[in-house]
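Breakdown of the fold
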Amino acid sequence: AQRVTQPEKLLSVFKGAPVELKCNYSYSGSPELFWYVQYSRQRLQLLLRHISRESIKGFTADLNKGETSFHLKKPFAQEEDSAMYYCALSVGGTASKLTFGTGTRLQVTL
Amino acid sequence: SAVISQKPSRDICQRGTSLTIQCQVDSQVTMMFWYRQQPGQSLTLIATANQGSEATYESGFVIDKFPISRPNLTFSTLTVSNMSPEDSSIYLCSVRTGLGTEAFFGQGTRLTVV
């Protein structure tokens, strides 16, 4: 069965500092990888997906199949980045379920 | 995209009772997913709900405890039956609408069992 690991429960950084939220997965095939974010009092929403290779709100994530990782990075953290971040994996096509990691709370302080 | 409305947003229930959570989507979707998020934990899939067929439950979840209805392509309900304090969680409805697309989530139902 697939598994997603986010080793850090809390990551605290200063404004302007680089951010890296770690995500490792276990799956023998080719999964879809996602980052979801939940801001305070808002619903869970998509931040990034690996297939689109885009940068959203300054965040990027590269799928490394050799290391089975999908770390989320941003060069300069902003206060508004403070939120809960979940890495998620989907296998088997269009409407497949998501398997979530345990989440990392990012706290950006002045 | 899809907009999901979930009701109720929160409830406090007595142990031994049941609560039905409703999920309404503004567009037709094939599959809906029900997740549970226990305090301090990640999201765990309870079941996948297909319109017109029985829901598919994940390991550790059974139909008698979490019966699901899916009468049409825009609506589903999850019932939490014979509740105990261990059922206190946030319950989330989710859908995916197409190939390689993102999942959309409801705002969640925060359930407290006393």
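Described in the following lines is the structure provided in the data block. (Residues numbered from 1 in each chain as written. Chains lettered and ligands numbered in written order. Predicted model: local features only at pLDDT ≥ 70, side-chain atom pairs only at ≥ 80, totals over all residues. Heavy atoms only, no water.)

Here we come to the overall build of chain A. A count of helices and strands for chain A gives zero helices and eleven strands. Order of helices (α) and strands (β) in chain A, N terminus to C terminus: β-β-β-β-β-β-β-β-β-β-β. For chain A, the C-alpha radius of gyration of 13 Å lies close to 13 Å, the compact-globule estimate for 110 residues. Across its three principal directions, the C-alpha atoms of chain A cover 40 × 30 × 25 Å. Expressed as a percentage of its 110 residues, the buried residues of chain A come to 45%. Sequence separation of at least 24 residues holds for 57% of the intrachain contacts in chain A that already meet a minimum separation of 6. For chain A, the exposed surface amounts to about 5700 Å²; the carbon and sulfur share of it is 49%. Charge centroids of chain A, computed over 14 positive and 9 negative side chains, lie 6 Å from each other. (Helix = DSSP H or I, 4+ residues; strand = E, 2+ residues; numbered from the N terminus. Rg over C-alpha atoms; globule rule 2.2 N^0.38 Å. Buried < 20%, exposed > 50% of the residue type's maximum accessible area, 1.4 Å probe, protein only. Contact = heavy atoms within 4.5 Å. Areas by Shrake-Rupley, 256 points an atom, 1.4 Å probe, with all protein chains shown as cover. Lys, Arg positive; Asp, Glu negative; His and termini not counted. Charge placed at Lys NZ, Arg CZ, Asp CG, Glu CD.)

Looking now at the packing of aromatic side chains. How two aromatic rings sit relative to each other is set out by the distance from centre to centre and by the angle between their planes. All names here are of chain B. Counted by the stated rule, this structure contains ten aromatic pairs over all chains. Between Y35 and F105 the ring centres are 6.0 Å apart and the planes differ by 50°, which places this aromatic pair in the tilted class. A residue pair is termed long-range when its members are at least 10 positions apart, and Y35 in strand β4 (residues 31-37) and F105 in strand β10 (residues 103-105) qualify at 70 residues. Side by side, Y35 and F105 carry an identical accessibility label, which is buried. (Phe/Tyr/Trp six-rings, centres within 6.5 Å; stacked < 30°, edge-to-face > 60°.)

Further remarks concern the interface of chain A and chain B. If you look at the interface, chain A gives 20 residues, while chain B gives 21 residues. Breaking the side of chain A that touches chain B down by element, the ones donating at least two residues are β5 (32-38), β6 (45-49), β9 (83-90) and β10 (98-100) of chain A. At three residues, β5(A) tops the list of elements feeding residues into the side of chain A that touches chain B. Residues that form the side of chain A that touches chain B fall into these classes: nine nonpolar, six polar and five charged. (Nonpolar A, V, L, I, M, F, W, Y, C, P; charged D, E, K, R; others polar.)

This part covers the pairing of strand β3 (residues 19-25) of chain B. Residue and element names in this part refer to chain B. Of the two faces of β3, only the one carrying L19, I21, C23 and V25 is buried; T20, Q22 and Q24 on the other face are not. Where strand β1 (residues 4-7) lies against β3, four bridges are found, and the strand directions are antiparallel. Looking at β3, one finds that S5 is bridged to Q24. The pairing of β3 with strand β8 (residues 75-80) spans six bridges and is antiparallel. Counterpart to Q24 in the pairing with β8 is F75. (Pairing = 2+ DSSP bridges.)

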